[in-house]
Amino acid sequence: MLEGIMIGLQTAFSIQNLLMVIGGCLIGTFIGMLPGLGPMSIIAIMIPVAISLGDPSAALILLAGVYYGAIFGGSTSSILLNAPGVAGTVATSFDGYPMARDGKAGKALTIAAIASFCGGSIGAILLMIFAPMLSSVALLFHSAEYFALMVVGLSAIAAFAGTGQVAKAIMMTLLGLIMATVGEGALFNMPRFTMGLMDLQSGFAFITLAMAMFALPEALYLVMDPSRSKTGQSGDIKDLRITKDEAKSIAPVVGRQSLQGFFIGVLPGAGATIASFLGYAVERNIAPEKEKEQFGKGSIKGLAAPETANNAACTGSFVPLLTLGIPGSGTTAILLGALIALNVTPGPRLMVDDPQIFWAVIISMYIGNLVLLILNLPLIPYIAKILAVPRNFLIPFILFFTLMGAYIGQNNATELLLLVGFGICATILRFADYPLAPLLIGFILGGMLEDNFSRSMQLYDGISFIWERPMTLGLLVIACLLVILPSYRARRARARAAGVADGD
Amino acid sequence: MALDRWIGLILLGIFAAYGYAAWFTMDGSLAPFMRRNPIWPSTFPKVLSVMGIIVGLIIVLGLEKSDKPREENPSVIVYRQLKEFKLGQAGLLLGLMVAYALLLRPAGFIIATVGFLVMGSVILGERRWITMIVVAGIATGVVWYLVQVVLGIFLRPLPAFMGV
């Protein structure tokens, strides 16, 4: 492990990669601040740039920097404008915005930055401990277990979608999976579902789909509903310092939420949003009566809790990505797509085959957090000026960058038409409350899922691998439970509620 | 019927068509030696189509109930608000994107992009022509330089008939 860390340090501290982290964090903060643009859209837009770098470590470091920066930027707009760009920073605005309204914007930003820094750094330490452990276990897995594990991951993502949403999330996952079967697969050497179109021969491009699912609908929403794009002057941001007492009072919160957030982040489908809301709720419940009243009115604990938790969860979400090759969230799914495009297959072999990538990413997480604290925080008053850019200029640029992203990736104008078509479909799906992240995760995992499934079928000459391998069976049972339990519990709760009403 | 169930119906149709292709048409062209394999190119799609049709039916028939109506959830955009939305602008911008896709090669990157950025702002109600053209021009130049020179990806700057 020590050797790995040294390799990672060497790679991460090269001039090029340091510039990548710094650049990524700055770009991420800059764009993440714009209301309506979340980390997924920004990473999707940055992927063509990262891929054209050619070096997988540099690309992943850049994208991880963008990811961190975007989350930090999202917190900034939550605090300054009460306009969270991402679901993960909604809880930040509960206490961050009241603080800003009281003229303590500078302090709120500092607390957010320190909390993010601690959450991210502690998360990175935990990642260093747990990822190699999980990797060594995962090396024992065969394709049958991989297949089952991916099914568990996909089911967990659907199960976490919330009550009344499970069927829709599964539907979207399946839609992603069938889109992945379009084109010529590696295993069979024959085109499938191309409808005779040459353009579909190589399947749908992942970048186009990522843009169409996230960046384009966000931009269209900004157009259709002007109240969503709250831009304007953010006022003066001064007095970035916090007192010793304040630091002392948030320290235990940061400690607890780093751990809690990290482990929630490791679960597929849970991610930063659940971690931040849960962190906020837990801290409010365990706070003394007097402080509890402050929550929602500008409590520093209420600001530190979700900020720590969402950053720790972001780091945690790298665990399944790096060790199993299974993304647990939309953002890590996009990162996985980028890695595959760079000929790197994340999974347990990554640590053995490409230790420099594995460790460089982890080390650059520290550097990224440090850059955010040292570089971005003092620059925030200037970066916040972007909030004053009128939307009439902003929106055409966002649309242009999504177009460019899809075009650069494929160098093909047909791709742009596909982008617009998918973008319209995605917007309609969002109107009808269908979650889009499962679609992209399904699309990215589809190829691997089918490969592992086919390999197991071939090895066992049929589907007997399901019951002949106990671990596979166990995992598939877990997957079924994950999907069925939420609806079953909701149904039982309803039945009980109905019973009570009758009795009364 | 609510919009999400209508969409469920459309998705059900997609899965039915996909399933038809997987179950009935795909295997026809399969080479005889491949038929002895335990796995065919259509195996995985067959599984997916069955699952898709089952889940689609669950959505269309409304078997899974939500705890609270969508209207109570403030983070969700209720499609009944649609009338208040600026659908016209969104439609025009989408049309503009299609036009950009079609014109990018024939008109060249510079003309297409400056046109796109200026027209996009105009659609959104901007009328400061000089600012728009200057901003669009500078941005186009910078992006072209970055893509062509820094990233090394060919982007034809001028219209095709000008030969570059």
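Computed from a predicted model, the values in this text were never measured in an experiment.

Caption draft 1: Summary view of the overall build of chain A. Of regular secondary structure, chain A possesses 22 helices and two strands. Seen along its three principal axes, the alpha-carbon backbone of chain A occupies a region of about 70 × 65 × 50 Å. Considering chain A as a whole, with its 504 residues, one finds that 60% of them fall into the buried category. When contacts within chain A are restricted to residue pairs at least 6 apart in sequence, those whose partners lie at least 24 apart make up 79%.

Caption draft 2: Here's a closer look at the nonpolar core. Judged by nonpolar contacts, the single largest core of 206 residues is most densely connected at Ile43(A), Ala44(A), Leu63(A) and Leu440(A). For this core, the domains that each give at least three residues are domain 1 (3-84) and domain 2 (87-162) of chain B. Excluding its chain neighbours within four sequence positions, the residues that come into contact with Ile43(A) are Leu63(A), Val66(A), Tyr67(A), Thr331(A), Ile334(A) and Leu335(A).

Caption draft 3: Region of the structure containing the confidence of the model for chain B. Residue and element names in this part refer to chain B. Overall, the prediction assigns chain B a mean pLDDT of 83, with 85% of residues at 70 or greater. Predicted confidence is poor over residues 71-75, with pLDDT under 50, and the contacts of this stretch with residues over four places away or in other chains come to two contacts. With pTM at 0.81, the complex prediction returns an ipTM value of 0.88.

Caption draft 4: Quick peek at helix H2 (residues 43-60) of chain B. In this model, H2(B) (18 residues) spans 26 Å end to end at C-alpha, consistent with the 26 Å of a helix rising 1.5 Å per residue. Among the residues of H2(B), those classed as buried are Phe44(B), Pro45(B), Leu48(B), Ser49(B), Gly52(B), Val55(B), Gly56(B) and Ile59(B). Along H2(B), the residues classed as buried sweep out an arc of 140° about the axis, all on the same side. In this structure, the buried residues of H2(B) make contact with helix H8 (166-180) and helix H20 (437-460) of chain A together with helix H1 (3-25) of chain B. After H2(B) finishes, the residue Gly62(B) shows a positive phi value of roughly 65°.

Caption draft 5: Representation of the interface of chain A and chain B within the structure. Of the residues lining the interface, 52 residues belong to chain A; the matching set on chain B comes to 54 residues. When contributions to the side of chain A that touches chain B are tallied by element, the ones reaching two or more residues are H8, helix H9 (206-224), helix H18 (391-410), helix H19 (413-431), H20 and helix H22 (470-503) of chain A. With 11 residues, the single largest contributor to the side of chain A that touches chain B is H18(A). Considering only residue class, the side of chain A that touches chain B consists of 35 nonpolar, 10 polar and seven charged.

Caption draft 6: Local environment of the environment of Ala304(A). Within the secondary structure, Ala304(A) sits in helix H13 (residues 300-316). Sequence separation between Ala304(A) and Gly96(A) is 208 residues; the distance between their C-alpha atoms is 9.1 Å.

Caption draft 7: Seen up close, the packing of helix H5 (residues 90-101) of chain A against H13(A). All names here are of chain A. At a closest axis distance of 8 Å, the pairing of H5 and H13 adopts a crossing angle of 145°. Once H5 is placed against H13, the crossing between them reads as left-handed. Residue-level contacts link Ala91, Thr92, Phe94, Asp95, Gly96 and Met99 of H5 to Gly302, Leu303, Pro306 and Glu307 of H13. Taken together, the residues of the contact of H5 with H13 sort by class into five nonpolar, three polar and two charged.

Caption draft 8: Inspection of unusual backbone geometry at higher detail. Residues and elements named next belong to chain A. The phi torsion at Asp433 lies on the positive side, around 70°, for a residue other than glycine. Looking at the element boundaries, Asp433 is found in the loop between H19 and H20. For Asp433, a count of 20 C-beta atoms within 10 Å translates into the label buried. Unusually for a residue other than glycine, Asp461 sits at a positive phi of about 55°. Within the secondary structure, Asp461 sits in the loop between H20 and helix H21 (465-468).

Caption draft 9: Main features of the packing of helix H4 (residues 56-81) of chain A against helix H15 (residues 330-341) of chain A. All names here are of chain A. Interhelical geometry of H4 versus H15 gives an angle of 160° and a closest axis separation of 10 Å. With respect to H15, the element H4 is oriented roughly antiparallel. Crossing angle aside, the handedness with which H4 passes H15 is right-handed. Only Thr331, Leu335, Ala338 and Leu339 of H15 make contact with H4, whose side of the interface consists of Pro56, Ala59, Leu60, Leu63 and Tyr67. Class assignment for the residues of the contact of H4 with H15 results in eight nonpolar, one polar and no charged.

Calculation criteria
- Residues numbered from 1 in each chain as written.
- Chains lettered and ligands numbered in written order.
- Predicted model: local features only at pLDDT ≥ 70, side-chain atom pairs only at ≥ 80, totals over all residues.
- Helix = DSSP H or I, 4+ residues; strand = E, 2+ residues; numbered from the N terminus.
- Buried ≥ 20, exposed ≤ 12 C-beta atoms within 10 Å, placed from the backbone.
- Contact = placed C-beta atoms within 7 Å.
- Core = buried A, V, L, I, M, F, W, Y, C linked by C-beta atoms within 7 Å.
- Domains from an automatic or database assignment.
- pLDDT = per-residue confidence, 0-100.
- Expected span 1.5 Å × (residues − 1).
- Arc of directions from axis to C-beta.
- Nonpolar A, V, L, I, M, F, W, Y, C, P; charged D, E, K, R; others polar.
- Axes fitted to C-alpha atoms, helices over the stretch in contact; angles between N-to-C directions.
- Left-handed = near helix turned anticlockwise from the far one by under 90°.
- Parallel < 35°, antiparallel > 145°, perpendicular 65-115°, else oblique.

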